[in-house]
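# Commentary on secondary and tertiary structure
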Amino acid sequence: MWEELWEKHRGRLLFATGMTCFLAAGLLARSLTIREEKIENAVPQTPRTERVTAVSETRQRSRDTKTTTGVNVLAIQETSDSASTPDSTPVSEWVVYITGKVRKPGVYRLSAGARLFQLVEAAGGLDSLADPVVVNMASSLEDGLHVHIPARETPTTGANATQVPSMPNPPKTPQTQARQTYSASRHERNKPKTSSLVNVNRASEEELTSLKGIGPTLAKNIIKHRQENGLFRAVDDLLQVKGIGAKKLEGLRGNVTVGP
C-alpha cells in the first residue's frame, strides 16, 4: 500500500521536501543577518576620518612613550654606571729605584710629586765619583721609575781618586844602547825609499840618466819600449829593454818603481 502511494505521489513528496529545505536555509540565513545587525548596533560606529586620526594619535603617543622611556633608561644606565664605578683614589706614595753613584742604591718610597734631589737624599747623597753636572736634580719623578746616576768621564784628582804610580825609566846600559842603535839602523834599511825612486813609466830621459848605469842611449831605449809596448807592469819587465841584463837590473831594482 505504501509502495503504491510512494509511486503515485513521489514527485510531490520530493518537491515538498526540497521546498522545506530551501525555506529552512533562508530562515537560518535571515536569523544570522539579524544577529550581526544587533551586534553592530550595540557598538557605536566611528567615521573613517576619526578612526584614522585616533590611530595616528595612538601611534604618536606610542613613539613619545618609547623616546621618553629610552631617555629614562639611558639616564638610569648612566646613573648606575657612575654609582657602580668607585672613586679613583689618588696615589699618595711612589716607589722609585735608584742605582749608580749614590751611597745607598736601592728601592725607596717617596711621597707623590717628589723630585730627584729628594730621592738622592734618601739614598745617602752622591758619592765622590758621581757626575752631578749631567743629572738634573730638579727633574720630576714618577711611580715605578728607575734612575741611574752616572760617574765622571775622567778621574778626579782629589784625595779619594785612585792614582796610578808612574814607573821610572830604567837606566840605559851599553847593551841596551847597542840594541836600540841596531833596531834603528835596521828600520831605516827596511823603510821603502819612496822619495828617491824613479818611476820608469813616467820618468823623462833626464831622470832616467840620473840612475847609476843608465846612459842617454839606454834611457831612450826605455822610453821607446814603453811607448811601443805599453807601461811596465813590474820592475823585471825592464829585462825586455835592449841593453838591460840581469846584472844591470839588480843594480836598478832598489832605485826604480813602476808605481803611479
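Everything numeric in this text was worked out from a predicted model, so none of it was measured.

Cut-off values and rules
Residues numbered from 1 in each chain as written. Predicted model: local features only at pLDDT ≥ 70, side-chain atom pairs only at ≥ 80, totals over all residues. Heavy atoms only, no water. Helix = DSSP H or I, 4+ residues; strand = E, 2+ residues; numbered from the N terminus. Contact = heavy atoms within 4.5 Å. Areas by Shrake-Rupley, 256 points an atom, 1.4 Å probe, with all protein chains shown as cover. Buried < 20%, exposed > 50% of the residue type's maximum accessible area, 1.4 Å probe, protein only. Polar contact = N/O pair within 3.5 Å; in protein donor to acceptor, adjacent residues only side chain to side chain. Core = buried A, V, L, I, M, F, W, Y, C linked by side-chain atoms within 4.5 Å. Pairing = 2+ DSSP bridges.

## Observations regarding the overall build of the protein chain
Within the protein chain, the regular secondary structure consists of seven helices and five strands. Counting only contacts in the protein chain whose residues sit at least 6 apart along the sequence, the fraction spanning at least 24 positions is 42%. If you sum the accessible surface of the protein chain, you get close to 20800 Å²; carbon and sulfur atoms cover 56% of it.

## Thoughts on the side chain of Thr 99
Relative to the elements of secondary structure, Thr 99 occurs in strand E1 (residues 93-100). What Thr 99 contacts, discounting residues up to four positions off in sequence, is Pro 105, His 146, Val 147, His 148 and Ile 149.

## Concerning the environment of Gln 118
With respect to the secondary-structure elements, Gln 118 resides in helix H3 (residues 116-122). Residue Gln 118 is classed as partly exposed on the basis of its relative accessible area of 32%. Taking C-alpha positions, Gln 118 is 9.7 Å from Leu 141, a pair spaced 23 residues apart along the chain. Reaching out from Gln 118, the side chain makes a polar contact with the backbone nitrogen of Arg 115 at a distance of 2.8 Å.

## What to know about the nonpolar core
Within the largest apolar cluster, 18 residues are counted, with the highest numbers of intra-cluster contacts made by Leu 208, Leu 211, Ile 214, Ile 222, Leu 238, Ile 244 and Val 256. Only helix H6 (216-229) and helix H7 (246-252) provide two or more residues apiece to this core. Looking at this core, the element that brings in the most residues is H6, giving four residues. Excluding anything up to four places from it in sequence, Ile 244 contacts Leu 218, Ile 222, Leu 238, Leu 239 and Leu 249.

## Examining the pairing of strand E3 (residues 146-149)
Only one face of E3 is covered, namely the one carrying Val 147 and Ile 149; the face carrying His 146 and His 148 has none of its residues buried. As judged from the four bridges shared by E1 and E3, these two strands associate in the parallel manner. What sits directly across from Ile 98, in E3, is Val 147.

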